[in-house]
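# A structural walkthrough
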Amino acid sequence: MDMDKLSKWLSNSRIDPNDPANSELVYLLRPKGGGDKISAPDYFRLEQLQEEFNFSTDEELANDKRLQILELREKEVMEFRNMKMVPAFSHELSPDIFKEYNKRLDDEAKVKDTESDSHRAVVTRFMQRVREQVLERKRAAAHQKSLQDIIVEDSVPNIAAIVLNLGNVLAPRRPLRPRRKERKTVSGQNLQDREVKIMINITRAYNVPCRAIKDHQSGEGRTSASGEHKVRPFFEVMFQREKKTTSVAEGPNPSWNEELNLPFRAPNNDYSSTNLQTVNDSLYINLFDEHVTDVLQDDRQRGREVHRRLDKKWLGGIQIPFATLYSDGVIEGTFRLESPAVLLGYSREKAKKKTAEDSAASADNTHVSMFITVEPSLGMAPDLKETFESNESEELLNAAAKYMEQLEKSFPNRNFTTAAIDINGKTVFVTKYFKPLAPPPMVLELATDLKTQMENVARYVSLIPYISDSVTFPGMCDIWSTCDQFLQMLTGDEEEHAVLLTNYFLYLQQDAYLCVGTAIPEGITAYTLVKDGKDVWIWNAMKGEKYKSTDIFSPLKSIGCLINDKNIWGNIQKFNQPSRMTFDTNNAKAWKPFFTSSFPNPGLPTVQPENLLYFETDRESVRDLQERIEQYLKDKFEKSWRPRDVTRWNRNNMQTFRHLLTGLESTKGKEANNLHSRELENVASNYKLSGFTLNMPYTDNESIANTVYATGVWENDTPGVEFALAVHVHPYPNSVYSIWIYVASLERLRY
């Protein structure tokens, strides 16, 4: 078409441009750039009048908040994937609706000051991307609804259920030993108008630290004339910023038997199993000592007036993620509290002489018996059966599927595993993850005897920071990285820690296994099990502690299977509690092996490297990190936690604390309480000193600040109170740090 001739004809024909019949022709040949010459557009449109119906530009659509939320919800972004209701207009949205989302993006893009921090930030972002890619198919499978997800109805009872119910009716009653009845699970759609609460029943505590009475002859704490130290313990539970406390008891072995209820609010009021799995809140259970101080200044009024102040001193605590409570349904038993290595002003009753068979759960620890559940019982989402790509043979995969089916059918409540997802998103047979690997030479050279070497190796593994899949991606698959990837990224969950510790013990020629089961507070987890003659030791790789298999205070509550480089053994015993099990894997009635004489091990190659590479941590970066942590905590005290009060720092005691912290790593804080009390004797003569030490691996400054904040030491508002704070960073190979913090409050004594 000759546009010039058409334009000339249009000018000579003198057609009416306002005539609706000529609108399409005029629109097609409209002038460009404001000129008089008519020209055709250089693009094709099926409907030439389409632009007339563009009510907004692309830029306006991109900046529309409501459309942004809809797109982010469709992409299942963390902050918006559980949003059920989106307003019809953008002006109805809250102005802070993108606050958390933008904050997370800023944190991910933030560049750390030091090289080690930059390395950790890059690793965290890399792991996040890898996990999102691997779990993309699982999220897609979660959208496939079944009939049970849509229609909620009671199942038709069969003959077996009727006979079982009749047996329960005729069963003998035991009023002195009641049994809890199994509750009916409530679905998410039936919880919209019902109150959901977390029930905590705290029964009693054992071996609570007591206030030390100064013995002027020996200079150490001793018991009072009645044989007991004075202490007034109580528990404070906190969840989603809600707090409840028990009554105040007396003595080192108090009893409460009190029930505390805390409300639970699901994000966006959505109680579906998919949404509940994303809740990353934790239940904090802290033990305090109520200290009554007489503040009456005029003794002449003592007979008529009472002026007292109630202070609370932190003695220890335990943190339980909601993901653990949700997956287990009920948490019941006696658990060890995390107590500080040094607790100034407190001591414990002297225990009997320890033997080599004593475990970490000894008289040096405080334990609490409690029962925790969610009321009403929340339904769990069924496990997603999604198949990932694999380089394993078809015969091995089919045998693994058949093996898992047999065990899960006979023992549906136990945890078994035959395959893991590697960092590339492929299925790998778990025995490939095990191979003897040498620990860092610096760690082995710290001791000459085998027992101490094993403890030092476990200590090193426990100081590697972790990302727990049970909290970050509850109900999803676990990603197992190899040991070299784990040390390079300096992040991993329970499986990575336990695999590395097991391989270290195999190098030390120990009969070591990976133990898959459930524990408190981790939930489904992995520990390391070592057979030493007739004794069986269970190592918590996350804490660096060991327990004897017969120890009733062990955090490992059940065992599903054992794994090493040769085979997998499924637990087919009647009991799955470690204290009631036999660990003879040759016993076919107790353990079901995967590889047998009919299906032998084909000699699978390992995925682990030939050797692990270690490098020495830069001392200059250690000093910089130590100063930055201390300054960060001071700023938190002064600006965030105590903005309305004057925070006074006792410089002399801070120097003393720094000196005392340097010796704690070599002893791991053992037997340090009396030593520190003697070192601080001059301070105690002029001040009422209340303080403790904290030890943790280094992840970031905010995590350290949250740990200090939870102790409540900053809440002391006594007039003239002073604080002392010191930080010590002990380096290990490959930029692994042990962070020691000494924090105390000092009140000048009046004479």
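An account of the accompanying structure is given in this report. (Residues numbered from 1 in each chain as written. Predicted model: local features only at pLDDT ≥ 70, side-chain atom pairs only at ≥ 80, totals over all residues. Heavy atoms only, no water.)

## A look at the sheet that holds strand β15 (residues 511-519)
Sheet architecture is open: seven strands sit in the order β18-β17-β16-β15-β19-β20-β21, paired in antiparallel fashion. Of all the strands in the sheet, the pair left with one neighbour each is β18 (545-548) and β21 (591-593). Looking at each pair of strands side by side, their axes are set apart by 35° on average, direction ignored. Bridge count for strand β16 (residues 523-532) against strand β17 (residues 535-540) is five bridges, and the pairing is antiparallel. In the strand pairing of β17, Asp532 is matched with Asp535. Lying on the sheet, helix α14 (residues 450-462) is in contact with β16, β17 and β18; it crosses β17 at an angle near 25°. (Pairing = 2+ DSSP bridges. Helix = DSSP H or I, 4+ residues; strand = E, 2+ residues; numbered from the N terminus. Axes fitted to C-alpha atoms, helices over the stretch in contact; angles between N-to-C directions. Contact = heavy atoms within 4.5 Å.)

## Observations regarding a nonpolar patch on the surface
Taken together, Ile159, Ile162, Val163 and Leu166 make up a surface patch of nonpolar side chains, about 400 Å² in accessible area. Secondary-structure assignment places Leu166 in helix α9 (residues 159-170). (Patch = residues over 30% accessible without salt bridge, like charges linked within 9 Å, V, L, I, M, F, W, Y side chains within 5 Å. Areas by Shrake-Rupley, 256 points an atom, 1.4 Å probe, with all protein chains shown as cover. Salt bridge = Lys/Arg side-chain N within 4 Å of Asp/Glu carboxyl O.)

## A word on the packing of helix α18 (residues 619-641) against helix α23 (residues 701-710)
The interhelical angle for the contact between α18 and α23, taken along N-to-C directions, is 55°, at an axis separation of 10 Å. One way to sum up the angle between α18 and α23 is to call them oblique. Note that α18 runs across α23; the crossing there is right-handed. Across the interface between the two elements, Arg628, Ile629, Tyr632, Leu633, Lys636, Phe637 and Trp641 of α18 pack against Asn701, Glu702, Ile704, Ala705, Val708 and Tyr709 of α23. (Parallel < 35°, antiparallel > 145°, perpendicular 65-115°, else oblique. Left-handed = near helix turned anticlockwise from the far one by under 90°.)

## Some points on the side chain of Ser558
Within the secondary structure, Ser558 sits in strand β19 (residues 556-563). Separated by 2.4 Å, the side chains of Ser558 and Thr518 make a polar contact. Not counting residues up to four positions away in its chain, the partners in contact with Ser558 are Gly517, Thr518, Asn576 and Pro578. (Polar contact = N/O pair within 3.5 Å; in protein donor to acceptor, adjacent residues only side chain to side chain.)

## Regarding the nonpolar core
Grouped together as the largest cluster of nonpolar side chains are 85 residues, with contacts concentrated most on Ile198, Phe264, Ile372, Ile739 and Ile741. Looking at this core element by element, the count peaks at eight residues for strand β25 (residues 736-748). In this structure Ile741 touches Leu633, Leu661, Phe692, Thr693, Leu694, Met696, Ile704, Val708, Leu725, Ala726 and Val727, once residues within four positions along its chain are discounted. Listed in part, the 52 residues of the second largest apolar core include Leu396, Ile464, Ala526 and Trp539. (Core = buried A, V, L, I, M, F, W, Y, C linked by side-chain atoms within 4.5 Å. Buried < 20%, exposed > 50% of the residue type's maximum accessible area, 1.4 Å probe, protein only.)

## So, α14
Along its 13 residues, α14 runs 18 Å from first to last C-alpha, staying within 8% of the 18 Å computed at 1.5 Å per residue. Among the residues of α14, those classed as buried are Gln453, Met454, Asn456, Val457, Ala458, Arg459, Tyr460, Val461 and Ser462. (Expected span 1.5 Å × (residues − 1).)

## Some words on the packing of aromatic side chains
Counted by the stated rule, this structure contains 27 aromatic pairs. Note on Tyr698 and Tyr737: the rings are 6.2 Å apart at their centroids and 75° apart in plane angle, and the pair reads as edge-to-face. Of this pair, Tyr698 sits in the loop between β23 (687-697) and α23 while Tyr737 sits in strand β25, and the two are 39 residues apart along the sequence. For Tyr698, a relative accessible area of 3% translates into the label buried. Taking relative accessible area as the criterion, Tyr737 reaches 1% and is therefore assigned buried. Taken together through their ring pairs, the aromatic side chains of Phe637, Trp641, Trp649, Tyr709, Trp714 and Phe723 make up a single cluster. (Phe/Tyr/Trp six-rings, centres within 6.5 Å; stacked < 30°, edge-to-face > 60°.)

## Regarding the pattern of salt bridges
This model, assessed by the stated rule, comprises 18 salt bridges. Residue Glu236 pairs with Lys312 through a salt bridge whose shortest N-O separation is 3.1 Å. Taken as a pair, Glu236 in strand β5 (residues 233-239) and Lys312 in strand β9 (residues 308-321) lie far apart in primary sequence, 76 residues in all. Among the ionic pairs, Glu630 bridges to Arg658, the shortest N-O distance being 2.4 Å. Taken together, the residues Glu630 in helix α18 and Arg658 in helix α19 (residues 651-661) connect sequence positions 28 residues apart. For Glu630, a relative accessible area of 8% translates into the label buried.

Read these as geometric descriptors, not functional statements.
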